[in-house]
Amino acid sequence: MNAFDALGNPTRREILAELRRVPMPVGELALRFSVSRPAISRHLRVLQDAGLVKPEERGTQNVYAVRVQGFRAVREYVDSFWDVALSRLEELARR
Amino acid sequence: MIRKTVLLQCSPERAFSLFTEQAGQWWPADRRHTEDTASTIRIEASGRFFERASDGTEVELGVVRRFEPARRLVLDWYPGTGLANATKVEVSFEAVDGGTRVTVDHDAGAASHEMFTRNAPAYDRSWDAVLAALARQG
């Protein structure tokens with residue numbers, strides 16, 4: 001799943017908002033949500049696949065943190081769309 | 001928010017018509033939503049904003065909220081985030097020396113508002129500010 005699809009889910013956006021404040025392990029994250037821990041794990045997996053969070057080993061558990069580069073990719077996706085689109089529009093106008 | 005501008009060597013009327021009636025001509029081929037890389041894409045006064053493949057398949061790309069010929073367009077934009085998390089695109093057309101300045105403001109909704117603006121009201125909507133803030137957090 002790409003970053004846009006991953007961001008299309010409100011629970012995942014809330015997870016990101018929490019992780020943005022402070023990185024934490026899945027168990028601690030689950031305490032802040034009304035959905036089950038397995039559900040949180042699934043959301044984290046989607047966010048990780050989309051490059052928006054990264055797990056860091058701390059002792060025996062993984063602590064999840066927001067991955068800045070992932071958000072940059074979202075921006076670049078939109079940027080590149082308009083860069084291509086507007087340069088083509090410029091050519092069209094000259095014809 | 002992402003802002004892009006371009007200077008077109010034509011009148012605002014023509015720029016607007018190229019943008020809306022001939023969107024299929026400028027829309028990047030690798031960002032089509034049908035199998036047809038030469039599909040027709042139209043932004044209409046009726047409110048429809050859609051793509052149509054040569055086999056007749058149609059995909060709604062958004063909704064036209066404002067259609068002011070030669071002046072302004074406001075679109076609910078589905079590509080990338082889907083209908084449930086539409087982003088917003090505003091396009092303005094301004095007559096300047098040498099042609100028409102077209103300015104695109106793309107508010108990358110799902111991520112920028114919901115997640116960042118609401119949760120961190122101190123930040124403005126600029127993605128640069130958001131990213132800088134994130135980068136500082138490490």
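Throughout this document, residue positions are counted from 1 along each chain, in the order its sequence is written. Lettering of chains starts at A and numbering of ligands starts at 1, both following the order in which they are written. Restriction of local features to residues with pLDDT of at least 70 applies here, the model being predicted, together with a cutoff of 80 or more for giving and counting side-chain atom pairs; totals for whole chains, interfaces and linings are based on all residues.

Enquirer: Could you clarify how one ought to interpret the confidence of the model for chain A in this entry?
Expert: Detail in the predicted coordinates should be disregarded across regions flagged by low pLDDT. Every residue gets a pLDDT, meaning the predictor's confidence in that residue, from 0 to 100. When pLDDT is averaged along chain A, the result is 87, and 98% of the positions lie at 70 or above. Think of it this way: any DSSP run of H or I at least four residues long counts as a helix, any run of E at least two long counts as a strand, and we number them from the N terminus. Across chain A, helix H4 (residues 37-49) of chain A holds the top mean pLDDT of 95, while helix H1 (residues 3-7) of chain A sits lowest at 75.

Enquirer: Help me out: how do you make sense of the sheet that holds strand S1 (residues 24-25) of chain A in this one?
Expert: By way of backbone hydrogen bonds, the strands of a sheet pair with one another, either parallel or antiparallel. Residues and elements named next belong to chain A. Strand order in the open sheet formed by three strands is S1-S3-S2, and the pairing between neighbours is antiparallel. In the strand order of this sheet, the two ends are held by S1 and strand S2 (53-58), each with one partner. Bridge count for S2 against strand S3 (residues 61-66) is six bridges, and the pairing is antiparallel. Directly across from proline 55, in S3, lies its bridge partner tyrosine 64. Along the sheet, helix H2 (residues 10-21) contacts S1, S2 and S3; its crossing angle with S3, the most-contacted strand, is approximately 100 degrees. Across the sheet, H4 lies against S2 and S3, angled at about 110 degrees from S2, the strand it touches most. When DSSP finds two or more bridges between two strands, those strands count as paired. By the convention adopted here, residues make contact when the C-beta atoms placed from their backbones lie within 7 Å. A fitted line through C-alpha atoms serves as each axis, taken over the contacting stretch for helices, and the angle formed by two N-to-C directions is quoted from 0 to 180°.

Enquirer: Explanation requested: the pairing of strand S7 (residues 99-107) of chain B in the structure shown.
Expert: A regular strand places its side chains so that they alternate between the two faces of the sheet. Residue and element names in this part refer to chain B. Direction of pairing for strand S1 (residues 2-8) relative to S7: antiparallel, over a ladder of seven bridges. Along S7, the bridge assignment pairs valine 6 with valine 102. Where strand S6 (residues 87-96) meets S7, nine bridges bridge the pair, whose relative direction is antiparallel. In the strand pairing of S7, valine 96 is matched with glycine 99. In this antiparallel pair of consecutive strands, S6 and S7, the connection spans two residues, and glycine 98 shows a positive phi of 90 degrees.

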